[in-house]
Amino acid sequence: MTTLRGPVRWLIGVPAAAAVLLFALPLFGILLRMPWSRLGEQLMSPAVHDAMRLSLLSSCSALALAVALGLPLAIWLASGRSALRTVARIIVMLPIVLPPVVGGIALLLAFGRAGIVGSWLDSTFGVTLPFSTAGATLAATYIGMPFFVLAVEAGLRAFDRRYLAAAATLGAGPVRRFVTVTLPMIRPSLQAGALLCWARALGEFCATQTFAGNLQGSTRTLPLACGVAMESDPELAIVLSLILSSVSIVVLFLLRQRWLAPR
Amino acid sequence: MNTLPPGPGAFALLALSVLCACDAGASRRPLRVFAAASLAAPFTALEQAFEASHPGLDVQCNFAGSPQLVLQIEQGAAADVFAAADVVNMAKVQASGNAVGEPRRFARNRLAIVVAAGNPRAIQGLGDLARDGCKVALCGPEVPAGRYARQALAKAKVAVRSLSDEPNVHALVTKVRLGELDAGIVFQTDCTATGIAAVAIAAEHQVVADYPITTLTAAAAVEAAAFVDFVLSPSGQQVLAAHGFQAP
Amino acid sequence: MNLELDVHLRRASLQLDVQLTVAAGDTVAIVGRHGAGKSSLLAAIAGLLPLERGRVALGAQVFDAGPAAPFVLPEARRAGVMFQDLLLFPHRSALDNVAFGPRVRGVGREQALALANEWLVRVGVGDRAQALPSALSGGQAQRVALARALANEPQLLLLDEPLSAVDASARLALRRDLRAHLDAFAGPRLLVTHDAVDAFALADRIAVLEAGRIVQAGPVAEICSRPRSRYVADLVGLNFLRGECAAGRLRVEGGGELVVSQAPDGAVLATVHPRAIALYRSRPDGTPRNVWSAEIVALEAAGDRVRVRLGGALPLVAEVTPLAIAELQLGVGGTVWVALKATEIAVFPA
């Protein structure tokens, strides 16, 4: 740990403080402009309730999907090195770097009514994903799951497989080894991945709007409601911003052991 | 070979160059025009024509949904002229004291039903939108096109369930184009601009959208007024007509 | 039930070819340098590395007989393994680590915990049952790892460098306890070490592994006193003495007495490096407290050195260069003066 002294202190301190302000002031802005007197009333409005219910439903379903599909994927990705894995990893990680609107368009082209899979779903089962809560969930999964896969794969790669050998000599078969040794030992990665996935799914805006549409009660999640409110009821937008910011702060607080604690 | 790490001087230079870049073309004074998204095509043409006759001015157009522009103006954006897609949003700017004088109406627009390629549902008018299995979406009620569409449907006494309240006409048109929707209600000019198939709405159900324009209190008054005059002039009106707008 | 090994496998640059039998109730130490293939051999026995050909069998159970034959998975071999890095599960307490094996075998939770606790007490860390491995000292962790291996009722014991993670002070006590637990275990015992003293203290027989092959195998005393190559001499060619220590004097089993320094009283083991023994034509002057004359029983070449086997009450081996042999005019049957500093005798409790 170095202690800053003399002029260096100011050379470092001033820009550092400016950087903190860059992030602190917007948060402060939300708190300052908050219509506190109308907060309760706004929170109880059906529009906010619908958005919260939808956000909770779609983000939790997205997390469940991410675990159900992403855990096996992470296990496969971490189980070796091959060109196929590299290609698969790049494809899976794409939504992290892609502008979400592109993700939304891509989802439409694949799962839309006229899309590759979507047209088949429509003609065979009469299922259409766009403009449905399932569609919003799919968009949230598309955006959130890569974070889960990334974190879990990293955890699995860092995991010392010799512990599995130790468990095997103690009589544990592959399933037992995975459940009683691997999973508990990569728990920090699982937790971080799940939190990030859920938080990103919760905050998802553009892919949802593009792919699933924007209708109160079926696809208008908190961020979408916030976007709509920005153009009709700025006060409500500020309330919704506060809700989303609070959730994010809680998530980061839970993640602090992993990324925010000084090493 | 050793390369020196960039010192504070390099950053100062970088900062300076960024500032200069912002000032490029400083010989012309900027005139900031905030215009509704549906005006993007004609106003881009108007910008060029106006600059040709006013070499000292650099018209900068900011296109967005009318409510968004209202919000930006209320939050203190440095705008000289505001052209809205409806009187409701213009009224908000007037109410907040940002408009100079009475707004002037410079164009009118009509609604049209935009349909998917080949019109698979064989939609002929507003009444067909309520048919079972016909997937329809509108713009949100806060968006001018969305509010007008609801007024037209009310006139025609047609109950349509909108699958999604789209944030602007472009998002709506795109979804119809991709085949996700069978139909949507947008401005006639949006169909003209994109070349997408459109079905006319019967005259008795039509809602006429008035486009008001005003100079703003923050504006350089003379130049802003000159631009508004130009929009209302015969040559300005000609440009608007070429893009499917009707005279006020 | 004897453990019969005929192991042939390739790992990176190492070709392992080992034939060895470990009898039930016998402790064999595999001694060799780092990279000689010791750990790979243990892995092959535990089922963590398949054979390319050969056979690993415990009594009538054939664990592995090459790719063509059925392979018994590690979880079905019931081998108690103590890994070099111990590999205690970091997320489980000492107690839960030891209870893991019994739980996997289907013992009820309460019963498994009771059993685990019993084992922890038996290996001397009953008071650390609730501690996580990260909170254990090196010696405590070794003991927990031993308890974990033993609590699973194994058919054979495989210990990889069982004293490596322990500091010198804990080492003596742990070595003694380990010997007791090994003796109490009925099946074949195989341990891997690079330390000749550990091998001598813990094992009945030694097999020296060099580059994947056993270069010499036999009873501990024989290997230590008659290393057949320079490699073995360097590795295990020490003089080992057993005896009683009292007031700085070591009475060696079979007669003879040596002055020692800083030695505990009671039953002890002592080692003397052959190169620490000085030979003279005439009685030397100076500081050595232990000086005696002895007959030369044998001269054996071991690489570029000659091992001089001495007779009498202290049958030690000295190691000198061929040049010294010529200068001292040493020959079998001749007599020589032997000097040994007290500080060159390493003494530890037996």
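Residues numbered from 1 in each chain as written. Chains lettered and ligands numbered in written order. Predicted model: local features only at pLDDT ≥ 70, side-chain atom pairs only at ≥ 80, totals over all residues. Heavy atoms only, no water.

**Comments concerning the packing of helix H3 (residues 46–78) of chain A against helix H4 (residues 83–97) of chain A**
Residues and elements named next belong to chain A.
- Where H3 meets H4, the closest approach of the two axes is 10 Å, and the angle between their N-to-C directions is 140°. Judged on the interaxial angle alone, H4 and H3 are oblique. As H3 runs across H4, the sense of the crossing is left-handed. Contacts between H3 and H4 pair Leu 73, Trp 76 and Leu 77 from the former with Leu 84, Arg 85, Ala 88, Arg 89 and Val 92 from the latter.
- Looking at the contact of H3 with H4 residue by residue, the classes come out as 6 nonpolar, no polar and 2 charged. (Axes fitted to C-alpha atoms, helices over the stretch in contact; angles between N-to-C directions. Helix = DSSP H or I, 4+ residues; strand = E, 2+ residues; numbered from the N terminus. Parallel < 35°, antiparallel > 145°, perpendicular 65-115°, else oblique. Left-handed = near helix turned anticlockwise from the far one by under 90°. Contact = heavy atoms within 4.5 Å. Nonpolar A, V, L, I, M, F, W, Y, C, P; charged D, E, K, R; others polar.)

**Points about the pattern of salt bridges**
- Applying the stated criterion across every chain, the model contains 33 salt bridges over all chains.
- Taking the shortest distance from any N to any O, the salt bridge between A:Arg177 and C:Glu75 comes out at 3.3 Å. Linking A:Arg177 in helix H9 (residues 174–185) with C:Glu75 in the loop between strand E5 (61–64) and strand E6 (79–82), this pair reaches from one chain into another.
- With relative accessibility at 16%, the residue A:Arg177 sits in the buried group.
- Between C:Arg205 and C:Asp26 there is a salt bridge, with its nearest N and O atoms 3.4 Å apart. Placement of C:Arg205 in strand E9 (residues 205–210) and of C:Asp26 in the loop between strand E2 (14–22) and strand E3 (27–31) is noted, with a sequence separation of 179 residues between them.
- What makes C:Asp26 buried here is its relative accessible area of 17%.
- Taken together, the shared-partner salt bridges connect C:Arg171, C:Arg175, C:Asp195 and C:Asp198 into one network. (Salt bridge = Lys/Arg side-chain N within 4 Å of Asp/Glu carboxyl O. Buried < 20%, exposed > 50% of the residue type's maximum accessible area, 1.4 Å probe, protein only.)

**Digging into the packing of H3(A) against helix H12 (residues 222–232) of chain A**
All names here are of chain A.
- Where H3 contacts H12, the two axes come as close as 8 Å, and the packing angle between them is 145°. Contact with H3, carried on its side by Ala 51, Met 52 and Ser 55, involves Leu 222, Pro 223 and Ala 225 of H12 and no other residues of that element.
- Considered class by class, the residues forming the contact of H3 with H12 number 5 nonpolar, 1 polar and no charged.

**Thoughts on the domain arrangement of chain A**
- With domains assigned, chain A is organised as domain 1 (1–32) and domain 2 (46–260).
- Taken over C-alpha atoms, the centre of domain 1 of chain A sits 33 Å from the centre of domain 2 of chain A. (Domains from an automatic or database assignment.)

**Quick word on the interface of chain A and chain B**
- Across the boundary between the two partners, chain A contributes 20 residues, which contact 21 residues of chain B.
- The largest per-residue losses of area from chain A upon contact with chain B belong to A:Arg113, A:Phe131 and A:Glu231, which jointly make up 42% of the total buried on that side.
- Our count for the chain A to chain B interface comes out at 2 salt bridges.
- Of the charged contacts, one joins B:Asp165 and A:Arg220 as a salt bridge, the two residues approaching to 3.5 Å between their closest N and O atoms.
- Linking chain A to chain B there are 9 residue pairs in polar contact (both at pLDDT 80 or more).
- Looking at the side of chain A that touches chain B, the elements with two or more residues in it are helix H5 (100–111), helix H11 (206–212) and H12 of chain A.
- Residue composition of the side of chain A that touches chain B, by class: 9 nonpolar, 7 polar and 4 charged. (Buried area = accessible area lost by both parts, 1.4 Å probe. Polar contact = N/O pair within 3.5 Å; in protein donor to acceptor, adjacent residues only side chain to side chain.)

**Quick word on the environment of C:Val107**
All names here are of chain C.
- Considering the arrangement of structural elements, one finds Val 107 in the loop between helix H2 (94–104) and helix H3 (109–122).
- Here the alpha-carbon distance between Val 107 and Leu 136, two residues 29 residues apart in the chain, equals 26 Å.
- Those residues in contact with Val 107 that sit more than four places away from it in its chain are Pro 102 and Ala 112.

**Considering the packing of aromatic side chains**
- The final tally for this structure, using the stated rule, is 12 aromatic pairs over all chains.
- Between the aromatic rings of B:Phe50 and B:Phe230, the centroid separation amounts to 5.5 Å while the plane-to-plane angle is 45°, which identifies the pairing as tilted. Here B:Phe50 is found in helix H2 (residues 40–53), whereas its partner B:Phe230 is found in helix H8 (residues 221–232), with 180 residues between them in sequence.
- Here B:Phe50 falls in the buried class, since its relative accessible area comes to 0%.
- Against the face of C:Phe71 rests C:Arg77, its NZ or CZ located 4.8 Å from the ring centre.
- Over the ring of C:Phe89 we find C:Arg148, and its NZ or CZ is 4.8 Å from the ring centre. (Phe/Tyr/Trp six-rings, centres within 6.5 Å; stacked < 30°, edge-to-face > 60°. Lys NZ or Arg CZ within 6 Å of the ring centre and 35° of its normal.)

**Considerations on the domain arrangement of chain C**
All names here are of chain C.
- Along its sequence, chain C is organised into domain 1 (3–236) and domain 2 (239–349).
- Taking only C-alpha atoms, the centre of domain 1 and the centre of domain 2 are 34 Å apart.
- With both sides pooled, the region where domain 1 packs onto domain 2 buries about 1,200 Å², and carbon together with sulfur makes up 59% of that total.
- Counting residues per element, the ones that place at least two in the side of domain 1 that touches domain 2 are helix H5 (168–184), helix H6 (196–202), helix H7 (220–225) and helix H8 (230–236).

**Brief notes about the environment of B:Ala219**
Residue and element names in this part refer to chain B.
- Its location among the elements puts Ala 219 in the loop between strand E10 (209–216) and H8.
- For Ala 219, a relative accessible area of 17% gives the class buried.
- Along the sequence, Ala 219 and Arg 32 sit 187 residues apart, while their C-alpha atoms lie 8.6 Å from each other.
- Filtering out sequence-adjacent residues up to four positions away, Ala 219 remains in contact with Ala 79, Asp 80 and Ala 224.

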